[in-house]
Amino acid sequence: MKAVFLDAKTLGDDVDLSSIEEVTGGLTCHERTAPEQVLDRIHGFDTVLVNKVVLGREHFEACPELKTIAVVATGLNNIDLVAAKEFGIEVLNVTNYGRSTVAQHAMALILALATRLLDYNRDARNGTWARSEMFCLMDHPIMELEGKTLGILGYGDLGQGVAERAKAFGMNVVLGCRPGQEAGSVDGYPRIPLDELLAQSDVLSLHCLLTEETRNLIGARELGLMKPTALLINTSRGGLVDENALANALREGQIAGAGFDVLTEEPPRKGNPLLAEDIPNLIVTPHSAWASREARQRIVEITANNLKLV
């Protein structure tokens, strides 16, 4: 096996790649690879590892020796899967690596928004608290999570992890039907149509892959079905939510807050509606929910195990 990793920097400098090196018999690593460099860097390799580098038909046509693509992530949006199948290229990806860290991040967003943590921290530091006539501030409404309904859309490994943690806070978990799914019961949780989930949820947490069926799944109509006190959490994929519609919904008080770890363009070099400074009770983090060292090392080990089976 002759292997090259095109964007090793995406896993960070503190992970140990020795398990992949052992399986492949050596590994050529590039920190980053620009689109115009891809063809030259994969030429002569039968195995290519990528995280976000795009690989398509033109690369497969020019490199008949290419047999395996190992994506060191779950999403496969950057690989032309139709072309890969035509050329007999096996595409591997990594699942079930980030349950703890992503669920932790989702709960952190929920807790910060529900307690208005950033607002109260700002008020304590900017002198608002010091000018108060009382011993405390109560300017921002706090949501108590116990007894509230957490709606989860996408009940895979990550959704399951969030459900477990939400139960520890005394929340009632309800699942939603993604496009093509039927209502029923899963793990003892009811799974109901999306419109019903939107109307019932005090907190809605998204854990879906981005497909043509799920793109802009939550738009202006769907946001209008949510409670004005509801929170929307997305630690899954940018593009699941219409960002312009969400920005407007937050400004107009249609929903109470949102926490996003993902945007449609990453990094957002052209700006993004959710980065405007006038949007209340919105937290945006830079696609960092997955990035604990433990989770990143887990990706390496799972990738090595996947390659063993090739």
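What you see is a predicted model, and the numbers here were worked out from it, not measured in a lab.

What counts as what
- Residues numbered from 1 in each chain as written.
- Predicted model: local features only at pLDDT ≥ 70, side-chain atom pairs only at ≥ 80, totals over all residues.
- Heavy atoms only, no water.
- Pairing = 2+ DSSP bridges.
- Helix = DSSP H or I, 4+ residues; strand = E, 2+ residues; numbered from the N terminus.
- Axes fitted to C-alpha atoms, helices over the stretch in contact; angles between N-to-C directions.
- Contact = heavy atoms within 4.5 Å.
- 1 Å grid on protein atoms, 1.4 Å probe; cavity = no way out; pocket = protein on both sides within 12 Å on 5 of 7 lines; lining within 4 Å.
- Points joined across faces, edges and corners; volume = space filled by probe spheres on them.
- Nonpolar A, V, L, I, M, F, W, Y, C, P; charged D, E, K, R; others polar.
- Salt bridge = Lys/Arg side-chain N within 4 Å of Asp/Glu carboxyl O.
- Parallel < 35°, antiparallel > 145°, perpendicular 65-115°, else oblique.
- Left-handed = near helix turned anticlockwise from the far one by under 90°.

## A word on the sheet that holds strand β7 (residues 172–176)
For step 1, the next point in the chain: Read from one edge of the open sheet, eight strands run β8-β9-β7-β6-β10-β11-β12-β13, paired in mixed fashion. The open sheet has two free edges, formed respectively by β8 (184–186) and β13 (282–284), since each of these has just one partner strand. Each neighbouring strand pair of the sheet contributes to a mean axis angle of 20 degrees, computed without reference to strand direction.
For step 2, the next point in the chain: In this sheet, strand β9 (residues 189–192) lies alongside β8 in antiparallel orientation, the contact comprising three bridges. When the sheet's bridge partners are listed, Gly184 is paired in β9 with Arg191.
For step 3, the next point in the chain: Sheet strands touched by helix α7 (residues 157–168): β6 (149–153), β7, β9 and β10 (203–206). Its angle to β6, the strand with the most contacts, is close to 175 degrees.
For step 4, the next point in the chain: Of the strands in this sheet, β11 (231–234), β12 (257–260) and β13 are in contact with helix α10 (residues 243–251), which crosses β12 at around 145 degrees.

## Here we look at empty space enclosed by the protein
For step 1, the next point in the chain: Counting across every chain of the model gives one cavity of 30 Å³ or more.
For step 2, the next point in the chain: Here the residues of the lining of the largest cavity sort into two nonpolar, three polar and two charged.

## Remarks on the pattern of salt bridges
For step 1, the next point in the chain: Evaluation of the coordinates by the stated rule reveals 15 salt bridges.
For step 2, the next point in the chain: The partner of Arg32 in a salt bridge is Glu31, and the shortest N-O contact between them spans 3.7 Å.
For step 3, the next point in the chain: The residue Arg57 makes a salt bridge to Glu86 at a minimum N-O spacing of 2.8 Å. Linking Arg57 in helix α3 (residues 57–62) with Glu86 in helix α4 (residues 81–86), this pair joins segments that are 29 residues apart in sequence.

## Describing the packing of helix α5 (residues 99–115) against α7
For step 1, the next point in the chain: Taken N-terminus to C-terminus, the directions of α5 and α7 make an angle of 55 degrees; their axes are 8 Å apart at the nearest point. What the angle tells us is that α5 and α7 run oblique. Between α5 and α7 the crossing geometry is right-handed. Residues Arg99, Ser100, Val102, Ala103, Gln104, Ala106 and Met107 of α5 lie in contact with α7, whose contacting residues are Asp157, Leu158, Gln160, Gly161, Val162, Glu164, Arg165 and Ala166.

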